[in-house]
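Letter by letter, the chains look like this.
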Amino acid sequence: MRMRQITGLIGVGLLTGALGTDTALAADTSGCQDGERVIRFSHVTAETGHPKGRAAKALAERVNAEFDGTLCMIIYPNAELYSDNEELFAAMQAGEVQMAAPSLAKMSGFSKGFQVFDLPFMFRDMIHVIDFTYTDEAQGLLRSMDGTGLTGLAYWMNGMRQISANRALEAPGDVAGLRFRIQGSPVERAYYGLLGADVQKMSFSKVFGALESGEVDGQENSWSNIYTKAFHTVQHSINETNHSLIAYALIVSTDFWQGLPRRQRDQLNLVIQEVTHEYNGFAFQLDEVNRSKVFESDTPVRVLDADARQLWVNTLRPVWQQFEGEIGAGLIAAASGGAVVNQ
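These remarks concern the structure in this document. (Residues numbered from 1 in each chain as written. Predicted model: local features only at pLDDT ≥ 70, side-chain atom pairs only at ≥ 80, totals over all residues. Heavy atoms only, no water.)

Below, the discussion takes up the overall build of the protein chain. The number of helices and strands found in the protein chain is 14 helices and 12 strands. Here the protein chain, with 343 residues, has 56% of them falling under the buried criterion. Residue pairs in contact within the protein chain that sit at least 24 positions apart in sequence constitute 74% of those at least 6 positions apart. (Helix = DSSP H or I, 4+ residues; strand = E, 2+ residues; numbered from the N terminus. Buried < 20%, exposed > 50% of the residue type's maximum accessible area, 1.4 Å probe, protein only. Contact = heavy atoms within 4.5 Å.)

Written out as structure tokens, the structure is:
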């Protein structure tokens with residue numbers, strides 16, 4: 001049995017034009033054996049120090065050890081292949097990439113129900129989120145991708161979102177007039193609209209440069225994303241709001257998935273679920289570690305007391321009602337633990 005961790009080395013310049021890259025990709029099988037089916041896993045985060053990168057690495061190690069001679073997983077971190085956007089989904093549907101873990105904020109094109117994960121102050125904490133992902137409602141969202149050429153397999157956690165800016169945000173009204181980077185979720189656009197801010201959709205790989213240059217004034221992310229990409233070093237301050245969620249849908253090309261022998265597919269799914277369980281717990285711990293590192297930096301962090309937090313909750317709660325028709329009141333109630341939409 002051999003243990004291999006294979007990381008893709010193709011520069012993004014070789015891959016311009018999402019479809020039509022199969023020749024370059026097919027050539028990049030170094031470390032794989034003849035006859036092995038290659039699983040190319042594309043993601044946008046750091047390979048170490050980040051929960052998604054660590055989970056992908058752990059999954060590759062398990063696959064390359066336990067399926068030795070039959071399957072070979074190659075990891076492409078840091079957006080080496082694709083950003084989490086339409087280009088990635090097209091590449092997966094075309095069979096050029098077999099696996100990815102895009103942000104849940106990018107998934108509403110497959111089902112409006114995925115927007116439940118973006119609703120502000122929906123989840124109390126990460127334990128609440130993880131518990132919800134095992135419910136029939138959350139698993140049904142993964143199945144809603146059936147027929148799109150993609151198959152949803154699991155939810156991978158990162159952390160709760162905090163909001164940072166190039167000026168202090170003492171209250172929700174201080175966001176007005178600022179420009180914030182967003183992932184592109186309609187829910188994000190809605191709650192920043194309530195706050196009176198402008199928004200700019202932007203890929204994760206470009207955020208640091210945009211903050212540094214002043215192209216955008218602020219952003220929202222988990223502690224792990226903030227620390228590993230050094231966003232805190234180019235922001236005036238951070239508010240610990242825990243207002244929303246950064247998490248991912250682990251997805252696979254349906255043609256690839258259905259093309260595996262049933263027994264092998266079941267075995268691979270078991271490995272995926274085991275890695276998911278282990279690394280969702282790890283994500284929770286890593287977020288706390290990275291939180292401590294940001295607190296130890298020179299960037300001020302404002303921890304909201306109960307009254308300050310409730311002001312943010314009251315300001316943003318109307319978004320729940322705005323999206324009730326698209327998401328469904330039942331799904332919102334299931335995710336929130338029973339809170340009503342118009343509370």
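Moving on, we get to the nonpolar core. Ranked by size, the top nonpolar core spans 65 residues in total, and within it Val116, Phe117 and Leu119 carry the most contacts. When residues in this core are grouped by element, the largest group, five residues, is from helix H6 (residues 186-195). Beyond its immediate sequence surroundings of up to four residues, Phe117 is in contact with Leu104, Phe123, Phe132, Thr133, Leu141, Tyr155, Ser244 and Leu245. Ala58, Phe67, Phe282 and Leu286 belong to the second largest nonpolar core, which has 31 residues in total. (Core = buried A, V, L, I, M, F, W, Y, C linked by side-chain atoms within 4.5 Å.)

Another aspect to go through is the layout of surface pockets. Rolled over the atoms, a probe with the dimensions of a water molecule shows which regions are left empty. Of the volumes computed, that of the largest pocket is approximately 210 Å³. Considered class by class, the residues forming the lining of the largest pocket number three nonpolar, eight polar and two charged. (1 Å grid on protein atoms, 1.4 Å probe; cavity = no way out; pocket = protein on both sides within 12 Å on 5 of 7 lines; lining within 4 Å. Points joined across faces, edges and corners; volume = space filled by probe spheres on them. Nonpolar A, V, L, I, M, F, W, Y, C, P; charged D, E, K, R; others polar.)

Okay, the pattern of salt bridges next. Following the criterion strictly, the structure yields nine salt bridges and no others. Glu274 is paired through a salt bridge with Arg62; the nearest N and O atoms lie 2.8 Å apart. Of this pair, Glu274 sits in helix H10 (residues 262-295) while Arg62 sits in helix H2 (residues 51-66), and the two are 212 residues apart along the sequence. Taking relative accessible area as the criterion, Glu274 reaches 37% and is therefore assigned partly exposed. Between Arg161 and Asp118 there is a salt bridge, and its shortest N-O distance comes to 3.3 Å. Residue Arg161 is found in the loop between strand S5 (150-160) and strand S6 (162-165), and its partner Asp118 is found in the loop between strand S4 (99-100) and helix H4 (126-133); the two are separated by 43 residues along the sequence. Given a relative accessible area of 1%, Arg161 falls into the buried group. (Salt bridge = Lys/Arg side-chain N within 4 Å of Asp/Glu carboxyl O.)

We now examine empty space enclosed by the protein. Scanning all chains against the criterion turns up two cavities of 30 Å³ or more. Estimated volume of the second largest cavity: approximately 30 Å³. Taken together, Pro51, Lys52, Ala55, Trp156, Met157, Tyr279, Asn280 and Ala283 make up the lining of the second largest cavity. Elements with a minimum of two residues in the lining of the second largest cavity: H2, S5 and H10. Residue composition of the lining of the second largest cavity, by class: six nonpolar, one polar and one charged.

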